[in-house]
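Descriptive structure summary
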Amino acid sequence: MIKALCKGCGLCAADCPKECISIVHYSDKQLLAQVEAALEENPGQKIVSFVCHWCALGGVDMAGVSRLQYPTHARLIRVMCSARVPTKLIRRSFELGAAGVLVVGCEFPNCHYITGNYAC
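Let me begin by describing the structure that accompanies this report. (Residues numbered from 1 in each chain as written. Predicted model: local features only at pLDDT ≥ 70, side-chain atom pairs only at ≥ 80, totals over all residues. Heavy atoms only, no water.)

1. Remarks on the pattern of salt bridges
Summed over the entire model, instances satisfying the criterion amount to 4 salt bridges. Residues Glu19 and Lys88 are paired through a salt bridge, measuring 2.9 Å at the closest nitrogen-oxygen approach. Here Lys88 lies in helix α4 (residues 87–95) and Glu19 lies in the loop between α1 (11–15) and α2 (28–38), a separation of 69 residues in the sequence. When the shortest N-O distance is used, the salt bridge between Asp28 and Lys88 registers 2.8 Å. Here Asp28, found in helix α2, pairs with Lys88, found in helix α4; they are 60 residues apart in sequence, far enough to count as distant. Residue classification places Lys88 among the partly exposed positions, given a relative accessible area of 25%. Connected through salt bridges with shared partners, the residues Glu19, Asp28, Arg84 and Lys88 form a single ionic network. (Salt bridge = Lys/Arg side-chain N within 4 Å of Asp/Glu carboxyl O. Helix = DSSP H or I, 4+ residues; strand = E, 2+ residues; numbered from the N terminus. Buried < 20%, exposed > 50% of the residue type's maximum accessible area, 1.4 Å probe, protein only.)

Written as structure tokens, this is what we have:
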């Protein structure tokens, strides 16, 4: 890995076949723990939502400031970029009984990590 080429999106960690790349504060172990905690009770009624730190989380914050509500069965998990979400986390969410999984990134073509939303 060449650190100078890093965009910070986390795609390398999501795609690493040996699972040896880890992103500080967004390791697979940490994200999996959040998925497991979100689905601990009544998993069939929960939607696991992976939201990018920039646009998607900003949208959730704006909804809160505007006194809008998102469904109470949504469980938000913040990631730096939608590209950071590996398919194994999506698969694991369904194995644990999640009603659905939502991955939300930046609006096309505007990704804070250049191409993270396309990679997702």
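2. Here's the deal with the side chain of Lys46
Mapped onto the fold, Lys46 is located in the loop between α2 and β1 (47–52). The side chain of Lys46 is buried and forms no salt bridge, while Glu41, the nearest opposite charge, is found at 6.0 Å. There is a polar contact of 3.5 Å between the side chain of Lys46 and the backbone oxygen of Ala38. Within the structure, Lys46 has its side chain in polar contact with the backbone oxygen of Glu41 (distance 2.5 Å). (Lys, Arg positive; Asp, Glu negative; His and termini not counted. Polar contact = N/O pair within 3.5 Å; in protein donor to acceptor, adjacent residues only side chain to side chain.)

3. Some points on the pairing of β1
In the case of a regular strand, side chains alternate between the two sheet surfaces. For β1, a buried count of 5 out of 6 residues is recorded, marking the element as mostly surrounded by other parts of the structure. Two strands pair when backbone bridges link them, and β1 and strand β2 (residues 74–79) are joined in this way by 6 bridges, in the parallel orientation. By the bridge assignment, Cys52 is partnered in β2 with Val79. At this point the chain moves from β1, through helix α3 (residues 55–65), to the parallel β2, and the crossover so formed is right-handed. (Pairing = 2+ DSSP bridges. Right-handed = clockwise from strand over helix to strand, strands pointing away.)

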